[in-house]
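# Coordinates in review
Read off the chains here:
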Amino acid sequence: MTTIALITGANKGIGFETARHLAATGTTVLVGARDADRGKNAAAALSEAGADARFIPLDVTDADSIARAAADIDAEFGKLDILVNNAGIAGRLDGDGKPSSTALSTLREVFETNVFGIVALTNAVLRLLRRSEAARIVNVSSEVGSFAMTMDEDSPMWPMAAIAYPTSKTALTMVTAMYAKELWNTPIKVNAANPGYCATDLNANTGFRTAAQGAEVVARLATLPADGPTGTLWGYRWGATGADEYGILPW
Ligand SMILES: NC(=O)c1ccc[n+]([C@@H]2O[C@H](COP(=O)([O-])OP(=O)(O)OC[C@H]3O[C@@H](n4cnc5c(N)ncnc54)[C@H](OP(=O)(O)O)[C@@H]3O)[C@@H](O)[C@H]2O)c1
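Residues numbered from 1 in each chain as written. Predicted model: local features only at pLDDT ≥ 70, side-chain atom pairs only at ≥ 80, totals over all residues. Heavy atoms only, no water.

Attention now moves to the layout of surface pockets. Here the second largest pocket defines a volume of roughly 300 Å³. Together, 16 residues line the second largest pocket, and T3, D81, S132, E133 and A134 are the ones closest to its centre. Split into classes, the residues belonging to the lining of the second largest pocket amount to five nonpolar, six polar and five charged. (1 Å grid on protein atoms, 1.4 Å probe; cavity = no way out; pocket = protein on both sides within 12 Å on 5 of 7 lines; lining within 4 Å. Points joined across faces, edges and corners; volume = space filled by probe spheres on them. Nonpolar A, V, L, I, M, F, W, Y, C, P; charged D, E, K, R; others polar.)

What follows is the structure, given as structure tokens:
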């Protein structure tokens, strides 16, 4: 039976590359995008390269859009095997970007997409994921949400001073842990991915990794075997080399 994967924010960046990775394994990829033209173009580009890729309109901050997407997937496929909660925003930089300059509206906007949208979509499609033999949920989080790395003076995260984006990823990592516990005695695995610092529009292409490298992390968690982990923050470990380059990151 064909594996069906829904990837949010799949029209570009890490989401697009994740769709490409998963499609290469024969998975049917549902290219979630909030803009129809961008979504259709992305699905067409994947299809031209041989993928079974279909655009699905999906704004994760819009309850109606989420409900429509869940109903469409149910009607067409009756199940969902992989959910990649990839859509995310960095948010505005208010003033000098430090906590004391940050507007509540900025925090709310970032949390709407990076946290609340993920909970809303996951809850909307959970019944479809339960119909899969072994569903996988991947929440694309980040090392910038790690307490341990944030408070380590030797970590590349130490100079970070903004709060909206990092706190949204901390929340998302905990959201991941809680879903993993709720689904502990089921075949469903729920993990948070750390793609590493990838050059995408999110960071004005300043990252030192490619979106494709980041997507490898996401795709790996999306295709975990039955004995794979659940409830982890896993991915690229900045500064580590060799066999340690990828692994579990500290909370
Ligand atoms: N790049 C990095 O270094 C890095 C590192 C760690 C984690 N991440 C995470 O990786 C994920 C992907 O980011 P990226 O770097 O690939 O950034 P990106 O190129 O800016 O892509 C972000 C994607 O999210 C979509 N999106 C934003 N708000 C949305 C909404 N309300 N509904 C649906 N889609 C929405 C965007 O759609 P539009 O094109 O319509 O704006 C776009 O497709 C994010 O969760 C990000 O936090 C990135």
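Neighbouring the ligand are 29 residues; N11, R34, N86, Y165 and T200 lie closest to it. For the ligand, an oxygen atom lies 3.3 Å from a polar atom in the backbone of G196. Burial of the ligand by the surrounding chains reaches 95%, relative to a free accessible area of 900 Å². For the shell around the ligand, the elements supplying multiple residues, two or more each, are helix 1 (13-23) and helix 6 (164-182). In terms of residue class, the shell around the ligand is built from eleven nonpolar, twelve polar and six charged. (Near = heavy atom within 4 Å. Polar contact = N/O pair within 3.5 Å; in protein donor to acceptor, adjacent residues only side chain to side chain. Areas by Shrake-Rupley, 256 points an atom, 1.4 Å probe, with all protein chains shown as cover. Helix = DSSP H or I, 4+ residues; strand = E, 2+ residues; numbered from the N terminus.)

Turning next to the environment of I4. Here I4 lies in strand 1 (residues 4-7). Taking the C-alpha atoms as reference points, I4 and L221, 217 residues apart in sequence, are found 15 Å from one another. If we skip the residues at most four places from it in the chain, I4 touches T27, T28, L30, F77, K79, L80, D81 and I82. (Contact = heavy atoms within 4.5 Å.)

On to the sheet that holds strand 5 (residues 136-140). Across the sheet, eight strands lie side by side as 3-2-1-4-5-6-7-8; this open sheet has mixed pairing. In this open sheet, the two strands that pair with only one neighbour each are strand 3 (53-57) and strand 8 (246-248). Averaged over all neighbouring strand pairs, the angle between strand axes comes to 20 degrees, with direction disregarded. In the packing of helix 3 (residues 63-77) onto the sheet, contacts are made with strand 1, strand 2 (28-33) and strand 3, and the angle to strand 3 comes to roughly 145 degrees. With respect to the sheet, helix 6 is in contact with strand 5, strand 6 (189-194) and strand 7 (233-236), its orientation differing from that of strand 6 by roughly 160 degrees. (Pairing = 2+ DSSP bridges. Axes fitted to C-alpha atoms, helices over the stretch in contact; angles between N-to-C directions.)

Interpretation in functional terms is not warranted from these geometric data alone.
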